[in-house]
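Summary of the model geometry
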Amino acid sequence: MTLLDLDWKKMTKSSAFIEYMKVHLISLNQDLEDARNNEPLNEDEHWESDDYYYGAIEATNHLLSVALGIMAESNERYIYE
């Protein structure tokens, strides 16, 4: 499922933000893997350090966990989980 496949009109704003964080996390992991495999880049791109990717992945995981926890505590309905 991609962001384009989601029915945004049926989602709460919180659910949409959580889906965005999930996609961002996938992107960070793919970028880290591509950097480790020395994949070619476009002219306007550059690889960050492994530490940058690890930190960004850890931070995104933490924010996603907090957001899901808040939604669970508030009984807000989360769709597409």
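Please read all numbers here as calculations on a predicted model, not as lab measurements.

A look at the overall build of the chain
- Helix and strand content of the chain: two helices and zero strands.
- Buried positions account for 25% of the 81 residues belonging to the chain.
- Total accessible area on the chain stands at roughly 6,200 Å², and carbon and sulfur atoms take up 51% of it.

A look at unusual backbone geometry
- At Asn38, a residue that is not glycine, the phi angle is positive and equals roughly 55°.
- Among the secondary structure elements, Asn38 is positioned in the loop between α1 (13-36) and α2 (50-74).
- Overall, Asn38 belongs to the exposed group, its relative accessible area being 65%.

Side note on the packing of aromatic side chains
- Applying the stated rule across the entire model yields one aromatic pair.
- Measuring from centroid to centroid gives 5.4 Å for Tyr52 and Tyr53, while their planes differ by 75°, and the two rings are edge-to-face.
- When its relative accessible area of 42% is taken as the criterion, Tyr52 is described as partly exposed.
- Given the relative accessible area of 3%, Tyr53 is considered buried.

A few points about α2
- Spanning 25 residues, α2 covers 36 Å between terminal C-alpha atoms, matching the ideal 36 Å at 1.5 Å per step.
- Among all positions of α2, only Tyr53, Ala56, Ile57, Thr60, Leu64, Ala67 and Met71 are buried.
- Tucked into the core, α2 has its buried residues touching α1.
- The first or second residue beyond α2 is Asn75, which carries a positive phi of 60°.

What counts, and at which threshold
Residues numbered from 1 in each chain as written. Predicted model: local features only at pLDDT ≥ 70, side-chain atom pairs only at ≥ 80, totals over all residues. Heavy atoms only, no water. Helix = DSSP H or I, 4+ residues; strand = E, 2+ residues; numbered from the N terminus. Buried < 20%, exposed > 50% of the residue type's maximum accessible area, 1.4 Å probe, protein only. Areas by Shrake-Rupley, 256 points an atom, 1.4 Å probe, with all protein chains shown as cover. Phe/Tyr/Trp six-rings, centres within 6.5 Å; stacked < 30°, edge-to-face > 60°. Expected span 1.5 Å × (residues − 1). Contact = heavy atoms within 4.5 Å.

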